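# Structure assessment
This is what each chain is made of:
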Amino acid sequence: MIRLDGVHVRHKARSGGVFRRDAVHALTDATLEVERGEIVGLVGESGCGKSTLARVLTGLQKPTEGRVGFHGRDLWSMSAAQRRDDFGSAVGVVFQDPSTALNPRLTVRQILRDPLDVHKRGTREAREARVEELLDLVGLPGHTLAALPGQLSGGQRQRVAIARALALEPELIVADEPTSALDVSVRAQVLNLLVDLRERLGLGMVFISHDIQTVRYLADRLAVLYLGRIVEEGRAAQVAGAPAHPYTEALLSATPSLLETTERIVLTGPVPSATNPPSGCPFRTRCWKADDACATVFPAPGSGPDGHRWHCVHPQIPTSPVPSARSTA
Ligand SMILES: Nc1ncnc2c1ncn2[C@@H]1O[C@H](COP(=O)(O)OP(=O)(O)O)[C@@H](O)[C@H]1O
Ligand SMILES: [Mg+2]
């Protein structure tokens, strides 16, 4: 459905001299595919480029370099009108903080009608009916339609944001840390709503989180980002059950699951700057396995079964077969 090929995003640094602004390497050589109906989990620490990748996937950010393919068509070779009409209606986005993502002056009814009006979907009556259907889909009561976002709870606001993302019947939803700004008590409800909608509507979903434990059971596939690079990717059960990359191992051990007894790995040293990333492997400055070989070039891809890929000079190669997703579900 969507395919990124060798995508780079470089920003001008906010700091730097008058004559030479440094570049922030927000995303480097990202290649990622999202198939129809699948959930891809995207994980990594704050600042590693998750939101940048979300913006590329939703067409909000044009890559500095590389290609974004949508059903085989090059997104940035389309006319602006095609990109808005064909792509814009096929991809919905849910941001982290619903209190800033929704216009505070519009009622919920107006917020949900807006995309239908912009894309001229159906008659006036059909749009009204669709608004009510959307509200129902995300489990909000009818009287919410007259409310302003400020009169709703955080969880209700995020449901409105999800309903808006669904308005044009997208094929893909990109959810960028959709529960991080919410109370712990409502996080699971919003998470379950997204999973339930995906089942019912057959949507594809890119689910972004800094917490690998949140995403591992939800996603079909996982991609792990470090300092703008996808360092490991594969079937979720494989990546989380038998990670090849030490960084993935460290992420898993930072918030241990109840089922596993792993030695806790504590990462030492600061996250390097995205303005001046280390040579070779970006993780080597914090990696307990790093040696001189890691400092030369970005490691060539290693690969395992079912599209499992990693970029590491000293990977942990799985020795025993990992159970299939079905038997661990
Ligand atoms: N508009 C921008 N201008 C300059 N730097 C930016 C901009 N947007 C993001 N960055 C930088 O790009 C890197 C990746 O940011 P982001 O994608 O927001 O990461 P994440 O969502 O994983 O926290 C960070 O170093 C961030 O400071
Ligand atoms: Mg972010």
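Residues numbered from 1 in each chain as written. Chains lettered and ligands numbered in written order. Predicted model: local features only at pLDDT ≥ 70, side-chain atom pairs only at ≥ 80, totals over all residues. Heavy atoms only, no water.

## Looking at the nonpolar core
Keep this limit in mind: The criterion is simple. A nonpolar core is a set of buried Ala, Val, Leu, Ile, Met, Phe, Trp, Tyr and Cys residues joined through side-chain atoms within 4.5 Å. Exposed residues in this analysis have more than 50% of their type's maximum accessible area, buried residues have under 20%, and partly exposed residues fall in between, with area computed by a 1.4 Å probe over protein chains only. Helix and strand definitions follow DSSP, with helices as H or I runs of at least four residues and strands as E runs of at least two, each counted in order from the N terminus. Note on contacts: a residue pair qualifies if any of its non-hydrogen atoms lie within 4.5 Å across the two residues.
Leu112, Val160, Ile162, Leu166, Phe207 and Leu222 are the most contacted members of the largest nonpolar core, which totals 54 residues. It is helix H6 (residues 154-166) that provides the largest number of residues to this core, a total of six residues. Apart from the residues lying within four places of it in its own chain, the contact partners of Leu222 are Gly41, Ile212, Val215, Arg216, Glu232, Glu233, Gly234, Ala236, Val239 and Ala240. The next biggest cluster of nonpolar side chains, apart from the first, holds 31 residues, and it includes Ala26, Val68, Met78 and Phe87.

## Overview of unusual backbone geometry
The phi torsion at His71 lies on the positive side, around 50°, for a residue other than glycine. Within the secondary structure, His71 is located in the loop between strand E4 (65-70) and strand E5 (73-74). A positive phi angle, close to 55°, is found at Asp306, a residue other than glycine. Within the secondary structure, Asp306 is located in the loop between strand E11 (302-303) and strand E12 (309-310).

## Overview of the pattern of salt bridges
Pairs can form between side chains of opposite charge whenever their charged atoms are close. As a reminder, the rule being used: Salt-bridge detection follows one rule: a side-chain nitrogen of Lys or Arg within 4 Å of a carboxyl oxygen of Asp or Glu.
For the coordinates displayed, the defined rule picks out 20 salt bridges. Between Arg10 and Glu65 there is a salt bridge, with its nearest N and O atoms 3.2 Å apart. In this pair, Arg10 sits in strand E1 (residues 2-12) while Glu65 sits in strand E4, placing the two residues 55 residues apart along the sequence. Note on Arg10: relative accessible area 32%, which makes it partly exposed. Note that Arg198 is salt-bridged to Glu199, the shortest N-O span being 3.9 Å. Exposure remark for Arg198: the relative accessible area of 14% places this residue in the buried category. One continuous salt-bridge network, built from bridges that share partners, spans Arg109, Arg113, Asp117, Arg127 and Glu128.

## As for helix H7 (residues 184-201)
Residues lying three or four places apart along an α-helix face the same way, a consequence of the helix completing one turn every 3.6 residues. Definition in use: What a helix is expected to span follows from its residue count: subtract one and scale by 1.5 Å. The arc in question is the one spanned by the directions pointing from the helix axis to the C-beta atoms.
The end-to-end C-alpha separation of H7 is 26 Å, in line with the 26 Å expected for 18 residues at 1.5 Å each. Within H7 the residues assigned to the buried category are Val190, Leu191, Leu193, Leu194, Leu197 and Arg198. Axial view of H7: buried residues confined to an arc of 155°, hence all on one face. Within H7, the exposed residues directed more than 90 degrees away from the buried face are Ser185, Asn192, Glu199 and Arg200. Structurally, H7 contributes buried residues whose contacts are with strand E3 (39-43), helix H5 (124-137), H6, strand E8 (204-209) and helix H8 (212-216). Of the residues trailing H7, Gly202 is marked for its positive phi of about 65°.

## Observations concerning the sheet that holds E5
Across a sheet, paired strands are connected by hydrogen bonds in the backbone, their directions being either parallel or antiparallel. Put simply, the rule reads: In short, DSSP must find at least two bridges between two strands for them to pair. Only the contacting stretch of a helix is used when fitting its axis, a line to C-alpha atoms as for every element, and angles between N-to-C directions run 0 to 180 degrees.
The strand order across the open sheet built from four strands is E2-E1-E4-E5, with neighbouring strands paired in antiparallel fashion. Edge strands, defined here as strands with exactly one partner in the open sheet, are strand E2 (23-34) and E5. As judged from the eight bridges shared by E1 and E2, these two strands associate in the antiparallel manner. By the bridge assignment for E2, His11 is matched with Val24. Across the sheet, helix H1 (residues 50-57) lies against E1, E2 and E4, angled at about 125° from E1, the strand it touches most.

## Some details on the side chain of Arg216
We apply this condition: Residues adjacent in sequence count toward polar contacts only when both atoms are side-chain atoms; beyond that, a polar contact is any pair of N or O atoms within 3.5 Å, and within protein one must be able to donate a hydrogen and the other to accept it.
Its place among the elements puts Arg216 in helix H8. Residue class for Arg216 comes out buried when judged on its relative accessible area of 10%. Within polar-contact distance, the side chain of Arg216 engages the side chain of Gln213 at 3.2 Å.

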